[in-house]
Amino acid sequence: MLAATIREKATDNLDFELLADGSAINLTGVDHVELHIIDSSKKTYRYSTDDDSPAIAIMSATGGTIQFIPPSATVFLYRRSPYKLYFQVWDTSTQKYSVPGDDRFEIKVLKEF
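Residues numbered from 1 in each chain as written. Predicted model: local features only at pLDDT ≥ 70, side-chain atom pairs only at ≥ 80, totals over all residues. Heavy atoms only, no water.

Sheet topology places strand S2 (residues 14–17) next to strand S8 (residues 65–68); four bridges connect them, and they run antiparallel. Opposite Leu14, over in S8, you have Phe68 as the bridge partner. As paired strands, strand S7 (residues 56–60) and S8 are joined by four bridges and run antiparallel to one another. Counterpart to Ala57 in the pairing with S8 is Gln67. Linking two consecutive strands that pair antiparallel, namely S7 and S8, is a turn of four residues; a positive phi of about 65° is found at Gly64 within it. (Pairing = 2+ DSSP bridges. Helix = DSSP H or I, 4+ residues; strand = E, 2+ residues; numbered from the N terminus.)

Turning to the environment of Val30, a few remarks are in order. Mapping Val30 onto the fold places it in the loop between strand S4 (23–24) and strand S5 (32–38). Along the chain, Val30 and Lys96 lie 66 residues apart, while their C-alpha atoms are 9.6 Å from each other. Contact partners of Val30, with chain neighbours within four places excluded, come to Ile58, Val89, Trp90 and Asp91. (Contact = heavy atoms within 4.5 Å.)

Tracing the backbone shows Pro54 in the loop between strand S6 (44–48) and S7. Every residue in contact with Pro54, bar those within four places of it in the chain, is listed here: Ser48 and Thr49.

Pairing between side chains of opposite charge can happen when their charged atoms approach one another. Under the defined criterion, the tally for this structure stands at five salt bridges. A salt bridge links Glu112 to Lys9, with the shortest nitrogen-to-oxygen separation between them at 3.6 Å. On the criterion of sequence distance, the pair formed by Glu112 in the segment after strand S11 (105–110) and Lys9 in the loop between strand S1 (2–7) and S2 is long-range, its members being 103 residues apart. In this structure, Asp51 and Arg46 form a salt bridge, with 4.0 Å as the shortest nitrogen-oxygen distance. Here Asp51 falls in the partly exposed class, since its relative accessible area comes to 28%. (Salt bridge = Lys/Arg side-chain N within 4 Å of Asp/Glu carboxyl O. Buried < 20%, exposed > 50% of the residue type's maximum accessible area, 1.4 Å probe, protein only.)

Shown next as structure tokens:
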């Protein structure tokens with residue numbers, strides 16, 4: 001499991017490199033990408049490159065790089081930590097696959113100063 005620790009209410013951009021078998025996933029031509037964030041109470045928050053004001057963006061299609069721009073300071077709260085994250089890459093409007101495949105990214109949140 002890939003893990004990171006951040007400070008509560010952080011709004012810094014988070015960069016992710018989507019990999020398959022150790023190589024960057026080429027996102028050129030995909031329909032869209034979604035980020036699913038699941039808090040400790042199992043509530044899921046979804047962000048998509050298709051949203052009107054997207055909080056995630058493809059930074060390098062050939063390098064498989066996605067950037068998450070937290071839309072508010074309440075996205076990552078200590079009381080909801082840890083968070084599990086995964087991406088869904090939509091090849092078409094009806095075909096998708098998850099990254100990472102069998103695991104999740106994890107973000108632990110430290111209390112605000």
